[in-house]
Amino acid sequence: MGSLENGVPVKRDPLLRSSSTIGLGFQRPILRFLFFGKLDYLQWVCTVAVFCFFVVLFQMFLPGLVMEKSGDSLKKMENGYGDLSFIKNIGGLDFGEGIRFEPSKLLQKFQKEADEINHSSAPRLRHRLGYRKPQLALVFPDLLVDPQQLLMVTVASALLEIGYTIQVYSLKDGPVNAIWRNVGIPVTIIRNVAKSAAVVDWLSYDGIVVNSFEARSVVSCFVQEPFKSLPLIWTISEGTLATRLRQYTSTGKIELVNDWKKLFNRATAVVFPNYVLPMIYSTFDSGNYFVIPGSPAEVWEVDNFIASHRDSPRVKIGYGPDDFVIALVRSQFLYKGLWLEHALILQALLPLVAEFPVDNNSNSHLKIIIISGNSANNYSVAVEAIALNLRYPRGVVRHIAIDEDEADNVLAAADILIYGSFLEEQSFPGILIKAMSFGRPIIAPDLSMIKKYVDDRVNGYLFPKEKISVLTRIILQMISEGKLSPLVHNVSSLAKDTAKNLMVMETVEGYASLLENLLKFPSEVAFPKAVTEIPPKLKEEWKWNLFAASAHSTYANRTLRSLRFLDKLEEQWSQSQTGGSGSVIAIDESFSYDIWEEEKLIRIANARKRREEDELRDRTDQSRGSWEDVYRSAKRADRAKNDLHEREDGELERTGQPLCIYEPYFGEGTWPFLHGTSLYRGIGLSTKGRRREADDIDAPSRLPLLNNPYYRDALGECGAFFAIANRVDRIHRNAWIGFQSWRATARNASLSKIAETTLLNAIQARKPGDTLYFWVRMDMDPRNPSQLDFWSFCDAINAGNCKFAFSEALKKMYGIKRDWDSLPPMPVDGDTWSVMQSWALPTRSFLEFVMFSRMFVDALDAQIYDDHHQRGHCYLSLSKDKHCYSRVLELLVNVWAYHSARRMVYVNPQTGEMHEHHKLKNRRGHMWIKWFSYATLKSMDEDMAEESDDEHPMRRWLWPSTGEVFWQGVYLREKNQRIQQKEKRRQQSKDKLSRMRRRSHQKVIGKYVKPPPEEDMENSNSTTV
C-alpha cells in the first residue's frame, strides 16, 4: 500500500510504522467483496478470460504488482462455476483491507486517566465547585477567509453553547475578525510574530487549539517552560508540509526536519480532517495523532472553482459537448488489487458501448476516464491493454494520472462519477463529496461508510460489491438516448444539498469529545455539558451564512501562502546555518600581516617594561614592618578579593533604593514579562532557564532544595521566598522587599510607573509603619467571578480541601493533639485580599513571614508528600498536579499579615491610589495574636533548629532544607570555633617567628679587599722599571 499524496506507490512498512496506529499492521487480506452471487455463464466466461489475460499483462508491465500463481489457484479458477471466490487466495494481490488508523496511544491514555479517576484512593474527598467556565484559546496564522475558519467558527459556536469561554488569537488580521466578533468571541492580534508569547499568559487557559502549521511560532512557545504541560491541540489540514519534509530529508536538511519533529511531538494531540494525512505525516508520529473526519474544504473548493472558471471544462480535457463522460475514481489509498477493481468496473460498463453509436470518423461519444494518482506510465499502458482486450473502441477509455486535488476539471466535465474502489474506508471519500458538490450523480459500492450518507436512488446510486452486474443495470437505467434521465437530475440536486453539510455532526462532536477527554479542569472550573447536549441545529450545517459575503475573497491563495511560508522559513533557516561561517570568513579576511606584527611589537615592549620594573623594585629598600603586620595585610587582601568585581549599573542603583522587588520565574517563556529596571530583579527557580546577561539570582544555588524538581514545582514562588531569606544579608541589603508574579504583568496588573513612585514615596515617608502593600486583588481574579470570601475561594481552587489542609497544618505546627478543626477567622467586611504573590513589606517582617511559612510548609508536606510524590495524586487537586501546594501558599501571606497585626494597604497598579483594607481597629477580637506573634514563632523555630542540630533525626523532614538552621547553641558553637581558629592562627604565627629567630646564620669566611685602579698599577710598574 502506498500514499497517494505523491501518487507513487511506496513500501508499506516505512509508511505506516506509526506508534499510534493499532490497525496499521498489514496482513495478507482476504478478498471479501467479489462475486458471492451467481453470474450468468457468458459473463463468467468473459471474466475468466479477462483475468487470465491480466495475470500475464501485469506480470509484464507492473513489477510492483506481481502475483504468484500456483497450480492450485488455477484449478480453483477452473472450478469457480460462476462464483469468483477463487480469487480470495491468489497470492500477491492486496485489496487494502488492512489499512486502518487507530490512535492507540491517545485512546489508551484516555482510558488510563478515566480508570485512575474512577479508582482513585485519595485520603480526602475532592469536590468540583465550578465557579467559572472553562477557557479555550484558538490560535490562527491569519484571519483570511478559508474553510478552516468556517470549520472552527462552527465548532466554536457549539462549544460556547455547552459552556466554554473562547478567545481567538491571530498573527495577522483579516476579514474573519468581524465574523468572530459577530459570534461573540473576542479577537486579539499578536503583532510581534517572533515574540508571540510576549502578550499572552497561556496559563490562563485550560486548553490551546492551534490551527495550521503556519502558526509554528506560537507552537514553539509551548516547547518552553512554564507552558510545556499545557494541553495543546494542533490541527493540520494541509499536506504541503509533508511533501516539503521529504525534500528536506533527501537534501540532507536533517536539523530542519528535527525542528519540525520536536514541535509535532510537543502537541498533546495533532488533529487531521481525514485518514490520509496522518499516514503521510507518519514519520513524526509519537503517538499523539488523532483524526476528526469532516471538513467543508471540498465544498468550498468546488464553489471557488465554479466561481473562478467560466470556460467549459470539457474543452480543457479535449472533449466536446456531445460526448458522454463517465469518470471512474478510486480510493486515496493505493494497493495492488486496484487494477482488478478497475477491470471489473470496465467490464460492467461494456454494454454502454452499444448505446453510443460511432460517428462518421469512427469515434464513439462515450468517454470513460480513469482517474488515479501520479502513477507510473506502465499503469496507463495496462489500462489501454485492458480496454482493448474488452473490445472497447479506441479513444473510449482513457487514464489520467492526476491527484485528487487536481481532478476538479475532470469532475466538472463528467456526466456520471463511479467510485471504483471496494476498500472499506474509515470516512466518507472526499472525491465523492466534490462530485456531489458539482451536481454530478454518483454510483458507488454499498460500503458501510458510503451507505451512512448516501441513500440508494435518493441522493446517489449504490450497487452490491459482490454483484458487479447490478452496476450495469443501474447505468443503463440512468441513461436514456445518450442523456441522463430527469430522475437522475433530481438525485444529483439532492446529492448537492447533502454534500454541502456532510459530516458536520461528526466534526462538532469529535472536537467536543476530544476536549472532554484531553482537558483536565481545575476544581474552580465548571465541567462543560456533555457532547449529547449540543443543540441539534448546531450540528446540522456549517456556518455558511456568516461567510456568504466573502466566500471567495482569499481562499484561492491558501495553498500558495502555505508554500510561501515554507519558502520563507527555509530561507531563514539557511541564513542561520551559513551566517556563522560567513562571519568567521569576514573576520579572518580583516586580519593582515601588519596587524600581527604590530601586536607582536607591543607584547615585546610590555614584557621589557615589566622586567625593568621588577629589577628596580628589587633594588629599592622597602619597609615591610613586622610579621604580624604582613599577616594582617595579606588577610585583608583575601577578604577584599571577592568585592573587587565590577558592578552593573542596576546593582549600583539598587543599593541606594529603599525597596527591591523580586520577580520569580521559571523557564524562557516568562522572560518577556520580566522588568529590566533597577527597582526589579529576577530570581530564576531553575538554573537552566535563567536570563543571559541579566543580574538575576540563581535560586537553586542559594537553596539546594530547589534542585529537586518535585519541590520546585510544588512550592512554586514560595521557593523563591525561601531562597532570598536564606542568609538574606548576602544578597538583599534594602530596608524593604517586594515580590511580583510575572503573571501579574501578563494580566496588566503589575505596577505602573506612577504606582511605583507612589509606593516608594510612601515607604520613604514611613507613614503607615509595618505594612503589607499589595496590588493584585482577590475580588478581581479571573478565578473568582462569584466574588467569594477568603476561605470559600481557597476551597474553590483547592478541590474543596483548603480549610482542612490549613487546619491540619496548624495542628501539626503547634503540636495540638486533640480533635481541633478551628481556622483563623478571615472576616467578610467588604474588603479584599492579596493573590498572585504580588506584595511588598519591610525586610524584617519578611523574614518573620518566612519563619512562619517554613514551619507551615513542613507541616503541609508531612500530610501530603507520600501520596502526592508516589502516585501524583493530591487532595488539593482533582487530577494529577505537580503544583500541589502552590495554591494554598499563594494565600498564606494574608493569614499571617492579618493575624500578626500588620496593616494591609491596597495599591492601585494603574493610578497608585492607596486604600487600607481590614483596618486594625476593626480586627480587635478577631486576630490570633499569640499564635502569630514573633516570640511564639521564634521559640518554635529555635526548638526545631535545636532538634535538627542536636538529634539529627533520620526521618524525612523538610524544614531543615528550607533555610537556615539557627538557635543559640549554633551561635555559641560558631563563636567558639572562630575563637579557636583565631588562637590557632596566632599560635602558628608565633611558632613561625620563633623558628626564624632561632635560625643559625653562616659566619663570614673572609673580608673582601677592593683591588687598586688599573692606572695606579701601570704607574707603579713604570717606576719600578
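In the block above lies the structure referred to throughout.
It should be emphasised that the depicted structure is a prediction, and the values quoted were computed from it without experimental measurement.

It is worth spelling out the packing of aromatic side chains at this point. Taken as a whole, this structure holds 48 aromatic pairs when the rule is applied. An angle of 85° between the planes, with centres 6.0 Å apart, marks the rings of Y169 and Y205 as edge-to-face. Of the two residues, Y169 is situated in strand β3 (residues 165-170) and Y205 in the loop between β4 (187-189) and β5 (207-211); the sequence distance between them amounts to 36 residues. The residues Y169 and Y205 share a single accessibility class, namely buried. Seen from their ring centres, F422 and F463 are 6.3 Å apart, and the 75° between their planes marks the pair as edge-to-face. Remark: F463 occurs in strand β15 (residues 461-463) and F422 occurs in the loop between β13 (416-419) and α16 (430-437); sequence separation between them is 41 residues. As far as the burial class goes, F422 and F463 line up, both buried. Three or more aromatic residues joined by ring pairs form one cluster here, namely F790, W791, F806, W833, F852, F856, Y898 and F932.

Next up on the list: the sheet that holds β4. An order of β4-β3-β2-β5-β6-β7-β8 is seen for the 7 strands of this open sheet, with the pairing classed as parallel. Unpaired on one side and paired on the other, β4 and β8 (289-291) mark the two borders of the sheet. Between one strand and the next, the sheet's axes are offset by a mean angle of 25°, whatever the strand orientation. The sheet strands contacting helix α6 (residues 176-183) are β2 (135-140), β3 and β4, and the helix crosses β4 at an angle near 150°.

Before going further, it helps to examine the pairing of strand β24 (residues 903-907). Within β24, 4 of the 5 residues are buried, which leaves it mostly tucked inside the rest of the structure. In this antiparallel pair of consecutive strands, β24 and strand β25 (residues 914-917), the connection spans 6 residues, and G912 shows a positive phi of 80°.

On to unusual backbone geometry, then. A cis geometry characterises the amide bond from E225 onward to P226, with omega recorded as 5°. Assignment of secondary structure puts P226 in the loop between α7 (216-221) and β6 (232-235). The phi dihedral of N748 falls on the positive side, at around 60°, and the residue is not glycine. Of note, N748 is situated in the loop between α28 (742-746) and α29 (753-765). A relative accessible area of 60% means that N748 is categorised as exposed.

On the surface, F966, Y971 and L972 cluster together into a nonpolar patch covering about 260 Å² of accessible area. Inspection of the secondary structure assignment puts Y971 in helix α38 (residues 968-997).

What follows deals with the state of the cysteines. With the rule as written, the count across this model stands at 2 disulfides. Between the sulfur atoms of C794 and its disulfide partner C802 the distance amounts to 1.8 Å. One disulfide, between C794 and C802, carries an S-S torsion of 70° and so falls in the right-handed class. Residue C794 is classed as buried on the basis of its relative accessible area of 0%. Numbered by position along the chain, the disulfide-linked cysteines of the chain connect as 1-2, 3-4.

One open sheet holds the 8 strands; their spatial order is β20-β19-β18-β21-β23-β22-β24-β25, and the pairing between them is mixed. Both edges of this open sheet fall to β20 (697-698) and β25, since each of them pairs with a single strand only. When strand β19 (residues 680-684) meets β20, the two strands line up parallel, connected through 2 bridges. Bridged to I683 within β20 is I697.

Moving on, we get to the environment of K529. Residue position: K529 is located in the loop between α20 (504-518) and α21 (558-590). Classification of K529 by relative accessible area gives partly exposed; the value is 44%. For the pair K529 and L159, spaced 370 residues apart in sequence, the C-alpha separation works out to 9.2 Å. The contact partners of K529, leaving out residues within four places of it in the chain, are E161 and I162.

Packing of helix α32 (residues 843-871) against helix α37 (residues 934-951) leaves a shortest axis separation of 10 Å and a crossing angle of 55°. Regarding the angle of α32 to α37, the classification is oblique. The handedness of the crossing between α32 and α37 is left-handed. For the pair formed by α32 and α37, the contact residues are E848, M851, F852, R854, M855 and D858 on the first element and Y934, L937, K938, M940, D941 and M944 on the second.

Turning to the side chain of D858, a few remarks are in order. Summarising the element assignment, D858 is placed in helix α32. Setting aside residues no more than four positions away along its own chain, D858 makes contact with M944, W957, L958 and W959.

What counts, and at which threshold
Residues numbered from 1 in each chain as written. Predicted model: local features only at pLDDT ≥ 70, side-chain atom pairs only at ≥ 80, totals over all residues. Heavy atoms only, no water. Phe/Tyr/Trp six-rings, centres within 6.5 Å; stacked < 30°, edge-to-face > 60°. Helix = DSSP H or I, 4+ residues; strand = E, 2+ residues; numbered from the N terminus. Buried < 20%, exposed > 50% of the residue type's maximum accessible area, 1.4 Å probe, protein only. Pairing = 2+ DSSP bridges. Axes fitted to C-alpha atoms, helices over the stretch in contact; angles between N-to-C directions. Contact = heavy atoms within 4.5 Å. Patch = residues over 30% accessible without salt bridge, like charges linked within 9 Å, V, L, I, M, F, W, Y side chains within 5 Å. Areas by Shrake-Rupley, 256 points an atom, 1.4 Å probe, with all protein chains shown as cover. Salt bridge = Lys/Arg side-chain N within 4 Å of Asp/Glu carboxyl O. Disulfide = S-S within 2.5 Å. Parallel < 35°, antiparallel > 145°, perpendicular 65-115°, else oblique. Left-handed = near helix turned anticlockwise from the far one by under 90°.

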